[in-house]
Amino acid sequence: MWGGRFADGPSAIMREINASIPFDKALWRQDIAASKAHVAMLAACDIVSDGDAEAIIGGLDTIASEYEADGVPEDWDLEDIHMTTESRLAELIGPAAGRLHTARSRNDQVATDFRLWVRDAIDQAVAAVEALQRALVTRADEHADSIMPGFTHLQTAQPVTLGHHLMAYYEMAQRDISRFADARHRLNQCPLGSAALAGTGFPIDREMTTQALGFDAPTANSLDAVSDRDFALDYLQAAAQCSLHLSRLAEEFVIWASQPFGFVRMPDALSTGSSIMPQKKNPDAAELVRGHAGRIIGCLTSLMVTMKGLPLAYSKDMQDDKPPVFEAAGLLGLSIAAMTGMVEGAAFNTGRMRQAAELGYATATDLADWLVREADIPFREAHHITGAAVKLAESKGVALEALSLEELQAIDTRIDERVYGALSVEASVAARASHGGTAPAEVRKRVAEARERLGMD
Ligand code: ARG
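Here the structure is a predicted model, which is why all the values come from computation and not from measurement.

> It is not clear to me how the UniProt feature "domain: Argininosuccinate lyase C-terminal" (unreviewed entry) in the protein chain should be interpreted in this structure. Could you clarify?
Taking the UniProt record as the reference, the feature "domain: Argininosuccinate lyase C-terminal" (unreviewed entry) is found at residues 361–430. Structurally, residues 361–430 is divided into 67% helix and 0% strand, and its ends, taken at the C-alpha atoms, are 17 Å apart.

This is the structure in structure tokens:
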């Protein structure tokens, strides 16, 4: 393809280090679509004849069915997907194949193909995250009243509902979707026609290829267009942050499934046993989601480091942009699917959760709030009085509401029997009805909004 000025061919090591076909063959659909759009434009602009354009488009269609049926051949001498397809085109239609590359370079070609690939990856990620959201919303609806301990520092803090807890992950997923949408918006400009780096002297029509490939506009600067990989970084950033959320949810499942917690039984289909300990049921899928998040973050770091020192315009380092993106996309797809299955199939032990919420003085804040509300005591003083009540209950090994009125009044005379109405875990969650709070009625409102947005009704 470029042998004109060379006397010797590349060494074996050069062929191997240079070849991107082992991984960039994944771009074949995008490469063929972009080539068809390019040659149709060249014909419309009278840069190639209609006859040659037809032969090229027919040849590209044949190649597409060959790739579909047999896969893409891997010949290192042909370096990459672009040369592999062009060389096959020459075999199929002869010298007219050489006209396809008019007013184009592999630099704008690969930038275009890769944007198209990442655009599809974004659309797939959004669809998968929405499926996870549907699972979360369904289980949250079911458990809008199920009480569990809410934690800070992984110490029992206040009672919450399981529905509320699950809807927290719905919100994270919603931000993930919005990050993917932002990435897609910025990505959707067409580099094709930027040629090697400076644009082209041929009278091309960039609007035409832009529209044919579903982009919003042609890129505005040819140097930037061929050397920009922000779109891939934006995608990886969104993927990394999404994987981080999946990892946190996975971590909760790992903790909740442990015997001391016993909050959840994981679906058999997403667990494994032990080869030595017969009683074991391990949450491997959740642990691997947690592990994969580390690898996805590594993919983001990898591409950032690849790009950070490159002068304009294209440098071959940029060929290393694809493996981390492909790897992250595969890992992310698996992770979202695994977490969706876990949320759908988890058997929550609501009795155990409720019991845990009743231990650990989770309604101490409710006692303090009651003293503020009913006895007009400043919150700091109420906090102090409550602390004394917790200390007494703890020394007796009982719950707050198991203290007698005499015992409570010995701590502060302003306490009366109405206090017991505030000390149950039900009263505690029902009271937290501020917008976005854990009260079952509030959770149901958020669930209804989410169901509406997801078209679930
Ligand atoms: N395989 C190359 C890549 O992925 C295509 C671009 C080659 N351009 C060049 N100037 N050598 O980056």
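> Can you help me understand the pattern of salt bridges in this one?
Two side chains with opposite charge may pair up if their charged atoms get near one another. Overall, the coordinates contain 37 salt bridges when judged by the stated rule. Linking R15 and D77 is a salt bridge whose minimum nitrogen-to-oxygen distance equals 3.2 Å. One end of the pair, R15, is in helix α1 (residues 12–18); the other, D77, is in the loop between α4 (50–70) and α5 (81–93), and 62 residues separate them in sequence. The exposure class assigned to R15 is partly exposed, which follows from its relative accessible area of 30%. A relative accessible area of 47% means that D77 is categorised as partly exposed.

> I keep staring at the UniProt feature "domain: Fumarate lyase N-terminal" (unreviewed entry) in the protein chain and nothing clicks. Help me out?
The sites that carry the UniProt feature "domain: Fumarate lyase N-terminal" (unreviewed entry) are, in the present numbering, residues 4–298. Secondary structure content for residues 4–298 is 61% helix and 6% strand, while the C-alpha to C-alpha distance between its ends is 40 Å.

> What is the right way to read the domain arrangement of the protein chain from this model?
Accessible area lost upon the coming together of the parts is a frequently used measure of interface size. We note that the domain assignment places domain 1 (12–102), domain 2 (107–350) and domain 3 (357–454) within the protein chain. Summarising the inter-unit geometry, the C-alpha centres of domain 1 and domain 3 are found 70 Å apart.

> I would appreciate a short explanation of the packing of helix α6 (residues 106–142) against helix α12 (residues 322–345) in the present structure.
A pair of packed helices is captured by two measures, namely the crossing angle of their axes and the spacing between those axes. Direction vectors running N to C along α6 and α12 enclose 15°, while the axes themselves pass 9 Å from each other. What the angle tells us is that α6 and α12 run roughly parallel. Where α6 crosses over α12, the two elements pack in a sense that is left-handed. On the side of α6, the interface is formed by V110, F114, W117, V118, A125, A128, V129, A131, L132, A135, L136 and R139, while α12 contributes K322, V325, F326, A329, L332, I336, M339, T340, V343, E344 and G345.

> So what exactly am I meant to see when it comes to the state of the cysteines here?
The bond known as a disulfide is covalent and runs between the sulfur atoms of two cysteines. One pass over the full model with this rule turns up 0 disulfides. With no disulfide of its own, C45 has C190 as its nearest cysteine by sulfur position, at a separation of 13 Å. You can see C242 has no disulfide; the closest cysteine sulfur is in C299, sitting 14 Å from it. Given a relative accessible area of 2%, C242 falls into the buried group.

> Explanation requested: the packing of helix α3 (residues 28–44) against α4 in the structure shown.
Their axes nearest at 9 Å, the elements α3 and α4 cross at an angle of 170°. Compared by their axis directions, α3 and α4 come out roughly antiparallel. Within the contact between the two elements, α3 uses W28, R29, I32, S35, K36, V39, A40 and A43 and α4 uses D50, A53, I56, I57, L60, D61, I63, A64, Y67 and E68. In terms of residue class, the contact of α3 with α4 is made up of 12 nonpolar, 1 polar and 5 charged.

> Sorry if this is basic, but what is going on with the site of the ligand here?
In the vicinity of the ligand, the contacting residues are S20, D24, D80, H82, R106, N107, V110, Y314, K316, Q319 and K322. Within the side chain of N107, one N or O atom sits 2.8 Å away from a nitrogen atom of the ligand. With respect to the ligand, the side chain of Y314 contributes an N or O atom lying 2.4 Å from an oxygen atom. Taking 340 Å² as the accessible area of the ligand by itself, protein coverage stands at 86%. It is α6 that contributes the most residues to the shell around the ligand, 3 residues altogether. When grouped by side-chain class, the residues that make up the shell around the ligand number 2 nonpolar, 4 polar and 5 charged. Here the shell around the ligand spans two domains, and each of domain 1 (12–102) and domain 2 (107–350) adds at least three residues to it.

> Sorry if this is basic, but what is going on with the nonpolar core here?
Of all hydrophobic cores here, the largest spans 97 residues; its most connected members are F180, Y235, F253 and L332. Top contributing element to this core by residue count: helix α10 (residues 230–257), with 15 residues. Those residues within four positions of F180 in sequence are excluded, and the remaining contacts are I122, A125, V126, Y235, A238, A239, C242 and L332. Y361, A382, I385 and V419 belong to the second-largest nonpolar core, a separate cluster that totals 20 residues.

Analysis parameters
- Positions within a chain are numbered from 1, following the residues in the order the chain's sequence is written.
- Only residues with pLDDT of at least 70 are given local features in this predicted model, and only at 80 or more are side-chain atom pairs given and counted; all residues enter the totals for whole chains, interfaces and linings.
- Note: side-chain values were computed over all heavy atoms of the structure, leaving out hydrogens and water.
- UniProt positions are given in the numbering used here, feature names are shortened, and annotations may be inferred rather than shown by experiment.
- Only DSSP runs of H or I covering at least 4 residues are called helices, and only runs of E covering at least 2 are called strands; the numbering of each starts at the N terminus.
- One speaks of a salt bridge when a side-chain nitrogen belonging to Lys or Arg is within 4 Å of a carboxyl oxygen belonging to Asp or Glu.
- Relative accessibility decides the category of a residue: with a 1.4 Å probe and only protein chains considered, values under 20% of the type maximum give buried, values over 50% give exposed, and everything between is partly exposed.
- Note that the domain bounds reflect an automated or database-derived domain assignment.
- Lines fitted to the C-alpha atoms define the axes, with helices restricted to the stretch that makes contact. Angles between their N-to-C directions range from 0 to 180 degrees.
- Should an angle lie under 35 degrees it is considered roughly parallel, over 145 roughly antiparallel, and from 65 to 115 roughly perpendicular; all remaining angles are considered oblique.
- By definition, any crossing whose near helix is turned counterclockwise from its far helix by less than a right angle is left-handed, and any crossing with a clockwise turn is right-handed.
- Any pair of residues with heavy atoms lying within 4.5 Å of one another is described as a contacting pair.
- Cysteine sulfur atoms that pair up within 2.5 Å are treated as a disulfide.
- Under the grouping applied here, Gly and all other residues not named as nonpolar or charged are polar, the nonpolar ones being Ala, Val, Leu, Ile, Met, Phe, Trp, Tyr, Cys and Pro and the charged ones Asp, Glu, Lys and Arg.
- By convention in this text, a residue qualifies as near a molecule or strand provided that one of its non-hydrogen atoms is within 4 Å of it.
- Distance and chemistry together define a polar contact, namely a pair of N or O atoms within 3.5 Å, with one atom able to donate a hydrogen and the other to accept it when in protein, and with adjacent residues in sequence counting only for side-chain atoms on both sides.
- To be clear on the numbers: accessible area is Shrake-Rupley with a 1.4 Å probe, and residue cover counts the displayed protein chains and nothing else.
- Joining through side-chain atoms within 4.5 Å is the link that ties buried Ala, Val, Leu, Ile, Met, Phe, Trp, Tyr and Cys residues into a set, and such a set is a nonpolar core.

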